Amino acid sequence: MAHAHAITAEDLFQDLKQLPTTERQKFFVILSTNAFRGDDMSHEQLFGHLASDNFTAQEAAEYLEISMSTFRRFVAGGKLNPSSTVGRNQLFAVADLKALKKVLQIANG
């Protein structure tokens, strides 16, 4: 009976550090040219899971490319409402953030 050996990412990293420099370079060339061939993924495949996701206030501000103080003003002024609250943390729906980002991009022309 064949017994599959599972290697962890940490084990692989340690093994790679042991390789001579030229072999390590070859490994990365092989990896970059062959490992993901045919795996061209659509935008939906890569990011579709985010459509129903929620961002924290900090993540949302980063996504919108605005400061936290501007973000807080948007929330206080009703331009953006949290989709849920967990403890003291407000979460914001990706769909709402995308809509606001489009508005901001149009306004900033």
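Residues numbered from 1 in each chain as written. Predicted model: local features only at pLDDT ≥ 70, side-chain atom pairs only at ≥ 80, totals over all residues. Heavy atoms only, no water.

### Let's talk about the packing of aromatic side chains
Note the cut-off: The aromatic pairing rule takes the rings of Phe, Tyr and Trp, using the six-membered ring of Trp, and pairs them if the centres are within 6.5 Å, calling planes under 30 degrees apart stacked, those over 60 edge-to-face and the rest tilted. The buried label applies to any residue whose accessible area, calculated with a 1.4 Å probe on protein chains only, is under 20% of its type's maximum; exposed applies above 50%, and partly exposed to all values in between. Under the scheme used here, helices are H or I runs from DSSP no shorter than 4 residues and strands are E runs no shorter than 2 residues, and both carry numbers assigned from the N terminus. Two conditions define a charge located above a ring, namely a distance within 6 Å from the ring centre to NZ of Lys or CZ of Arg, and an angle within 35 degrees of the ring normal.
Going through the model one piece at a time under the given rule, you end up with two aromatic pairs. Summarising the aromatic geometry, the rings of Phe55 and Tyr63 are spaced 6.1 Å apart at their centres and angled 80° between planes, so their arrangement reads as edge-to-face. For Phe55, a relative accessible area of 15% gives the class buried. Accessibility expressed as a relative area gives 27% for Tyr63, which makes it partly exposed. With a centroid separation of 4.9 Å and 80° between ring planes, the pair formed by Phe71 and Phe92 is classed as edge-to-face. In this pair, Phe71 sits in helix 5 (residues 68-76) while Phe92 sits in strand 3 (residues 89-93), placing the two residues 21 residues apart along the sequence. Neither Phe71 nor Phe92 differs from the other in exposure class; each is buried. Sitting over the ring of Tyr63, Lys101 keeps its end group 4.4 Å from the ring centre.

### Re unusual backbone geometry
Note: most peptide bonds trans; most residues except glycine with negative phi. Of note in this structure, Glu65 is not a glycine but carries a positive phi near 60°. With respect to the element layout, Glu65 can be found in the loop between helix 4 (57-64) and helix 5.

### Quick look at helix 4
Rules: Note: the arc covers the axis-to-C-beta directions of the helix.
When helix 4 is considered as a whole, its buried residues turn out to be Ala60, Ala61 and Leu64. All buried residues of helix 4 lie within an arc of 100° about the axis, which places them on one face of the element. Looking one or two residues beyond helix 4, the residue adopting positive phi is Glu65, at roughly 60°.

### With respect to the pairing of strand 3
Put simply, the rule reads: Paired strands, as defined in this entry, are two strands with at least two bridges between them according to DSSP.
Two strands pair when backbone bridges link them, and strand 1 (residues 54-56) and strand 3 are joined in this way by three bridges, in the antiparallel orientation. Of the residues in strand 3, the one forming a bridge with Asn54 is Ala93. Bridge count between strand 2 (residues 84-86) and strand 3: three bridges; the pairing is antiparallel. If you follow Val86 over to strand 3, its bridge partner there is Asn89. Here strand 2 folds back onto strand 3 in antiparallel fashion, the turn holding two residues, of which Gly87 has a positive phi close to 65°.

The values reported here are purely geometric and, on their own, carry no functional implication.
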